[in-house]
Amino acid sequence: MASTQATAPVAAKLVIATGASHSIGAQNGQGHPPKRPFGNSKPWKQKKTKREKNITEGSSEEVLRHDIEALLASHGFIAESEVPRATAKEEDSLPEQGTEIEVEVLELSSTGDGLAMRSGSNQVYVVPFTVPGDIAKVKVFRHIPQEHQTVADFVSVVKPSPLRDDARIQCKYFSSCGGCQFQMLDYAEQLKLKKRVVDKAYCNFSNLPAELVPVIQDTIGSPLQYGYRTKLTPHFDGPPGFRPSRRKAVKVSFDSCPDIGFMQKGKRKVLDIEDCPIGTPAVRLGMARERARMQNEFQNYHRGATILLRENTHRYPRDSPPGQEQPPREDELPPHAARTEGDDFIDIKTCETDSKATTTEYVGNHTFTNPAGSFFQNNNSILPKFTAYVRERILPPPSSSPIRYLIDAYSGSGLFTITLSSVFQHSTGIDIAADSIASARKNASLNGLGEDRCKFIAADAGELFKSVAYPPDETVVVLDPPRKGCDADFLGQLRKFGPKRILYVSCNVHTQARDVGVLVRGEGEGAKYDIESLVGFDFFPQTGHVEGVAILNRCDQLPAEDGSVQKDL
């Protein structure tokens, strides 16, 4: 159990930033590249963020292109997916860089940005912090003629959309910080928009006919829309004159405390932010503590860095008998600690800054520990609802061939293996990262699970199913890959193993749709699948991000040589 002893501000564990700063995980955080003349003959492409460097199909750049094409097609300017380059006359008629103009926002891209147009023009302006129906003043930043696209900076709302209510905004940095896009929207409307994101992902990236894609279910919302995020990573740039690209950079000192915060939308600049309302109370207290520490210690740093802020929980039973450790009262809390209460427990939450320190989180009745710097879902408030949804649907409807075994691919520290263990006769978590497997084994032990119930394997990426002897007909596989999705080799292994059922969780519904399309088309050797259901979960309220859950069943009907259908036994 993590200690809750009072601690004075301690030195944060800092990750040195060797390149341009990037924003927290829930942020888009895309800075614009250096300016070029509009007439440059070399096509310009948006530079991918650090989080998307390994993504091909399903990157935010490609998602935006699909949305722009659909908007132009809906207004009769082009045939969809056939975007002609702007003519020289059209390019000459575009407003000059830096010009402020008014545009009408017609649609929201799946990236969270508004898509706007001007009367009589076939140019689409990509404008952050806007919603359909807004008339907005924007500043032209860059034209991309080959895509009929203009990147623009938001200036102000001239006439608000009926969907917009700026009284809902809870952060004074909204419309400057790159983290949130939707604070002006009613939460029910945010959920509708995210349902559309999932729908468009499967239209654009699955390569499946519409009849093979079920109706997208309503997005399942987060119990908390603010104060939910258990991890934040504010950062600061190096001092003026610091050049991280130099092999032997000259040591330069700060003259004063640098700006500490998150990336300003559309710029390679850190916005000084003293508080972030989507963070949990403990994380926000930790942010204040670390900013105060930096005021005294900034002279010790000679380059930019990222500060880790990770929530850590110490749980006490509500009715602890005398003689057992008791939770501190509100007036006894350690500095920078927060207290929350449930029906049966009292939690004391603190903020950890050392990436190697162990932090504890609770999901329902399950306990999970992880190194503070490792990956774990960052919205603990939705995890009980999320894991309950998975638990209720992990098995197919009652049939003659029950499923007894679980394979948790990309298992990480064991979230699914452990929360689903009671459903199965035996479960196996597989990951290529040995550190994750070590955490998963520790978590299994913490939750009273021995190897007779579940085991974890650090497997080679090319042979993930080699060590599993479960019968495929009695096995379900859970997938929860990183944003880039599953690679072709893994999908080939999965189809050759041919589990009866697959539940695919993804933080990028576009790469998920691509991968699900591969499983459903079933080309070449291996099993083929049908989609049972598709739904989004809102792990990151106020942002454009949505988590997708797809459930698939193996097709047991194969065509016979005469073209009829036979049962594959």
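Residues numbered from 1 in each chain as written. Predicted model: local features only at pLDDT ≥ 70, side-chain atom pairs only at ≥ 80, totals over all residues. Heavy atoms only, no water.

In this section: the overall build of the protein chain. Secondary structure assignment for the protein chain yields nine helices and 25 strands. Across the 569 residues that make up the protein chain, the buried fraction comes to 54%. Residue pairs in contact within the protein chain that sit at least 24 positions apart in sequence constitute 70% of those at least 6 positions apart. On the protein chain, roughly 25,800 Å² of surface is accessible, and the fraction owed to carbon and sulfur atoms is 50%. (Helix = DSSP H or I, 4+ residues; strand = E, 2+ residues; numbered from the N terminus. Buried < 20%, exposed > 50% of the residue type's maximum accessible area, 1.4 Å probe, protein only. Contact = heavy atoms within 4.5 Å. Areas by Shrake-Rupley, 256 points an atom, 1.4 Å probe, with all protein chains shown as cover.)

A word on the sheet that holds strand E22 (residues 529–537). If you walk across this open sheet you meet the seven strands as E19-E18-E17-E20-E21-E23-E22, and the pairing is mixed. Of all strands in the sheet, those bounded by a partner on one side alone are strand E19 (454–458) and E22. For this sheet, the mean angle separating the axes of adjacent strands, direction not counted, is 15°. In terms of strand pairing, strand E18 (residues 426–431) meets E19 through five bridges, oriented parallel. Of the residues in E19, the one forming a bridge with Thr428 is Lys455. On the sheet, helix H8 (residues 488–497) packs against strand E17 (405–409), strand E20 (475–479) and strand E21 (501–506) and is oriented at approximately 165° with respect to E20. (Pairing = 2+ DSSP bridges. Axes fitted to C-alpha atoms, helices over the stretch in contact; angles between N-to-C directions.)

Moving on, we come to the pairing of strand E6 (residues 149–159). Relative to E6, strand E4 (residues 124–127) runs parallel, the two being bridged by three bridges. The residue of E6 that forms the bridge with Val124 is Gln149. Looking at chain direction, strand E5 (residues 135–144) and E6 are connected through nine bridges and run antiparallel. Following the sheet pairing, Arg142 is matched in E6 by Val151. The antiparallel pairing of E5 with E6 creates a hairpin that spans four residues between the two strands, and His148 there sits at a positive phi of about 50°.

Our focus in this paragraph is the sheet that holds E4. Ordered in space as E2-E3-E4-E6-E5, the five strands form a closed barrel in which the pairing is mixed. On average, adjacent strands in this sheet sit at an angle of 50° to one another, irrespective of strand direction. Helix-sheet contacts for helix H1 (residues 60–74) involve strand E2 (100–108), strand E3 (114–117), E4 and E6, and the interaxial angle to E3 is about 35°.

Attention now goes to the pairing of strand E16 (residues 366–371). As paired elements, strand E15 (residues 358–363) and E16 share six bridges and run antiparallel to each other. Bridge pairing in E16 links Thr360 to Thr369. Hairpin connection, E15 to E16: the antiparallel pair is bridged by two residues, and Gly364 has positive phi, about 60°.

Counted according to the given criterion, the structure contains 30 salt bridges. A salt bridge links Glu107 to Arg196, with the nearest nitrogen and oxygen atoms 2.8 Å apart. Placement of the pair is Glu107 in strand E2 and Arg196 in helix H3 (residues 187–205), with a sequence separation of 89 residues. Its salt-bridge partner being Asp556, residue Lys500 comes within 2.5 Å of it at the nearest N-O pair. One end of the pair, Lys500, is in the loop between H8 and E21; the other, Asp556, is in the loop between strand E23 (547–554) and strand E24 (557–559), and 56 residues separate them in sequence. It is possible to trace a salt-bridge network through shared partners that takes in Arg289, Glu290, Arg293 and Glu297. (Salt bridge = Lys/Arg side-chain N within 4 Å of Asp/Glu carboxyl O.)

A separate point is the confidence of the model for the protein chain. Per-residue confidence for the protein chain averages 86 on the pLDDT scale, and 84% of its residues sit at or above 70. Here residues 1–44 is modelled with pLDDT under 50, and outside its nearest four sequence neighbours on either side it reaches 122 contacts, counting other chains as well. A low-confidence stretch, residues 558–569 (pLDDT under 50), is modelled with 13 contacts involving residues beyond four sequence positions or located in other chains. (pLDDT = per-residue confidence, 0-100.)

Now for the UniProt feature "active site" (unreviewed entry) in the protein chain. Under the feature "active site" (unreviewed entry), the UniProt entry names Cys507. Summarising the element assignment, Cys507 is placed in the loop between E21 and helix H9 (509–521). Of the residues examined, Cys507 reaches a relative accessible area of 26% and is grouped as partly exposed. Sequence-distant contacts of Cys507, that is, excluding residues within four places in its chain, are made with Pro482, Arg483, Val546 and Glu547. (UniProt positions renumbered as here; feature names shortened; annotations may be inferred.)

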